[in-house]
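Chains, contacts and geometry: an overview
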Amino acid sequence: MFRVEFLSDPDALTDLRDRWESFNALLQDHDAPFFQSYDWVMYVAMTRLHHSRQRFRLLVATVWRDTQLVGLWPLSMQRKAGALMVCSVDDPFGQFAGVVFESREMIAPGVFAIIQELRHRRIADGMQIDGVILGSSLHEALLHAGGRRYYLNHAVFLDFRPYATVKEYRSTLNKKTLKNLRNFSNRLKRTLVSEHATADGGEELKDLIERTYDARIEWLRTNARTSPAFRDSDFRPLVEKLALSNVPLIGFALQSEKDYLSAQWGFIYQRRYYSYMSSKNPKYDAFSPGRLHLGMVADNCMTRGLDALELMAPASDYKLEWSDTTKQLDTFSMSFTARGYLLHEVMINILRPLVRAASRLIPQLLRRRLIGLLNRD
């Protein structure tokens, strides 16, 4: 029924842009497809090919019916734990995995055809797809294709569409939460003159992105935390050059004349804001600036006429104060070779849970030093 071709040359994707974006606008897989958008995929691919040719290969799967393109799956091959694995193009920097197809009915057979072709060609040891949304067409397709499923995380989502005004939306929030936030806001106003500013481009946005990244690194170090993205040496160059790319960006900052209290930035795509990275200045923790700022961002997005705000994973308490709606994210994996099973499945199913459990027993000071060696600043 379908013919599958894999494209590893970025130039070969240029002619597909219009059809790619027209498929993405149909929302056949899930309703938050920014991380499958042409500009994001190409930007990540070009950045990684420039910095990591030895451990990254572009592998966009295209699905054809006769001479007609009917679907794409933005994939890559990456070396993980000694195995060559098929992953999303933006792994580990993306948030939501997905496919781009002309119709929902084509996704399951299209994904199956891609997996069968990967197995037949024996070009990789296996596949690992992170951030697959429960209820999405890709999630169902991977289950039917025999993928092994593991719970990954929950992402918070705020839908503005049921509310006519900001006031109507805020009337649905917990009254105690709103009272606490008013108290924090009043205390801040008595102590410091601050404003909420937006940055849509230029040096202002570039500076905000870099400042947020550096503050995030410091937060990870202080709290002895890490993440796959911050362990990857390509993350900083990818983030630092975003403001010069075609990727649609916006930044928000709660700031005084001389200092910032809280900042975040992300992407606007198809009337939806994706909050990608945030940070707060610990000097102002007494005013709970992150919580206050998130409310200002939500108000701004709604005033702009956006449909939704994606707050991403994890489902932190301060996010859940603004919305109790979440989407479950799962990881799917499958082995194509014995090497893939030994080096990857064993790593995921046995060794990684043991390492995580053991890390909780390490004293905080030592753990902080070890984590500092892993995170790339």
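Let us look at the structure shown here. Just so it is clear, the model here is predicted, and its values are computed rather than measured. (Residues numbered from 1 in each chain as written. Predicted model: local features only at pLDDT ≥ 70, side-chain atom pairs only at ≥ 80, totals over all residues. Heavy atoms only, no water.)

1. Topic: the overall build of the protein chain
For the protein chain, the count of helices and strands is 12 helices and 15 strands. Against the compact-globule benchmark of 21 Å for 377 residues, the protein chain has a radius of gyration of 21 Å, which places it among compact chains. With respect to the three principal axes, the spread of C-alpha positions in the protein chain is 65 × 50 × 35 Å. For the protein chain, long-range pairs separated by at least 24 residues make up 75% of all intrachain contacts whose partners lie at least 6 apart in sequence. By element, 51% of the accessible surface of the protein chain is carried by carbon and sulfur atoms, the whole surface being about 17,900 Å². (Helix = DSSP H or I, 4+ residues; strand = E, 2+ residues; numbered from the N terminus. Rg over C-alpha atoms; globule rule 2.2 N^0.38 Å. Contact = heavy atoms within 4.5 Å. Areas by Shrake-Rupley, 256 points an atom, 1.4 Å probe, with all protein chains shown as cover.)

2. A look at helix H2 (residues 38-51)
Side chains of residues three or four places apart in an α-helix project in the same direction, reflecting 3.6 residues per turn. Along its 14 residues, H2 runs 20 Å from first to last C-alpha, staying within 8% of the 20 Å computed at 1.5 Å per residue. Of all 14 residues making up H2, 10 are buried, and the element is well covered by its neighbours. Every buried residue belonging to H2 is among Tyr-38, Trp-40, Val-41, Met-42, Tyr-43, Val-44, Ala-45, Thr-47, Arg-48 and Leu-49, and all of these are buried. Those residues of H2 that are buried are in contact with helix H1 (17-24), strand E2 (56-58), strand E5 (75-80), helix H8 (235-240), strand E12 (260-268) and strand E13 (272-280). (Expected span 1.5 Å × (residues − 1). Buried < 20%, exposed > 50% of the residue type's maximum accessible area, 1.4 Å probe, protein only.)

3. Examining the sheet that holds strand E1 (residues 3-7)
One open sheet accounts for 4 strands, arranged E1-E3-E4-E7; its pairing is antiparallel. At either margin of the open sheet sits one strand with a lone partner, and together these are E1 and strand E7 (100-101). As judged from the 5 bridges shared by E1 and strand E3 (residues 60-65), these two strands associate in the antiparallel manner. Within E3, the residue paired with Arg-3 across the bridge is Trp-64. In this fold H1 packs onto strand E4 (68-73) and E7, with an angle of close to 70° to the strand it touches most, E4. (Pairing = 2+ DSSP bridges. Axes fitted to C-alpha atoms, helices over the stretch in contact; angles between N-to-C directions.)

4. Thoughts on the pattern of salt bridges
One pass over the structure, following the stated rule, counts 26 salt bridges. The salt bridge partner of Asp-330 is Arg-149, with a shortest N-O separation of 2.8 Å. Remark: Arg-149 occurs in strand E9 (residues 148-159) and Asp-330 occurs in strand E15 (residues 326-335); sequence separation between them is 181 residues. Overall, the relative accessible area of 0% leaves Asp-330 in the buried class. The exposure class assigned to Arg-149 is partly exposed, which follows from its relative accessible area of 40%. A single network of salt bridges, built from pairs that share partners, joins Asp-31, Arg-272, Glu-310 and Lys-327. (Salt bridge = Lys/Arg side-chain N within 4 Å of Asp/Glu carboxyl O.)

5. A look at the pairing of E5
The two faces of the sheet receive side chains in turn, since in a regular strand these alternate between them. Counting buried residues along E5, 5 of its 6 residues qualify, which places the element largely inside the surrounding structure. Of the pairings in the sheet, the one linking E2 to E5 comprises 3 bridges and is antiparallel in character. The partner of Leu-58 across the bridge, within E5, is Ser-76. Pairing of E5 with strand E6 (residues 83-88) involves 6 bridges; the strand directions are antiparallel. Bridge pairing links Gln-78 to Met-85 in E6. In this antiparallel pair of consecutive strands, E5 and E6, the connection spans 2 residues, and Ala-81 shows a positive phi of 50°.

6. Comments concerning the environment of Gly-82
Here Gly-82 shows up in the loop between E5 and E6. Separated by 180 residues in sequence, Gly-82 and Ser-262 have C-alpha atoms that sit 39 Å apart. Those residues within four positions of Gly-82 in sequence are excluded, and the remaining contacts are Arg-339 and Leu-343.

7. Some thoughts on unusual backbone geometry
Residue Pro-92 follows Asp-91 across a cis peptide bond; omega there is 5°. Looking at the secondary structure, you find Pro-92 in the loop between E6 and E7. Residues Ala-313 and Pro-314 are joined by a peptide bond in cis, for which omega reads 0°. With respect to the secondary-structure elements, Pro-314 resides in the loop between strand E14 (308-312) and helix H10 (317-320).

8. Notes on the nonpolar core
Formed by 55 residues in total, the largest nonpolar core has its most connected members in Trp-40, Trp-265 and Phe-267. Considering every element that reaches this core, the biggest residue donor is H2, with 8 residues. Once residues within four sequence positions are removed from consideration, Trp-40 is found in contact with Phe-34, Phe-35, Asp-90, Phe-93, Leu-238, Leu-242, Val-247, Phe-267 and Tyr-276. Counting residues in each nonpolar core, the second largest holds 32 residues, with Phe-2, Leu-75, Ala-124 and Ile-129 among its members. (Core = buried A, V, L, I, M, F, W, Y, C linked by side-chain atoms within 4.5 Å.)

9. Brief notes about helix H6 (residues 175-191)
Taking 1.5 Å as the rise per residue, H6 with 17 residues should run 24 Å; its terminal C-alpha atoms sit 25 Å apart, in good agreement. Residues Thr-177, Leu-178, Leu-181, Phe-184 and Leu-188 constitute the buried set of H6. For H6, the angular spread of buried residues about the axis comes to 125°, placing them on one side. Pointing more than 90 degrees away from the buried face of H6 are the exposed residues Lys-175, Lys-176, Arg-182 and Arg-190. Buried residues along H6 sit in contact with helix H5 (166-170), strand E10 (194-199), E12 and helix H9 (289-303). Residue Asn-174 occupies the N-cap position of H6, its side-chain oxygen lying 2.9 Å from the main-chain nitrogen of Lys-176. (Arc of directions from axis to C-beta. Polar contact = N/O pair within 3.5 Å; in protein donor to acceptor, adjacent residues only side chain to side chain.)

Read these as spatial facts, not as claims about activity.
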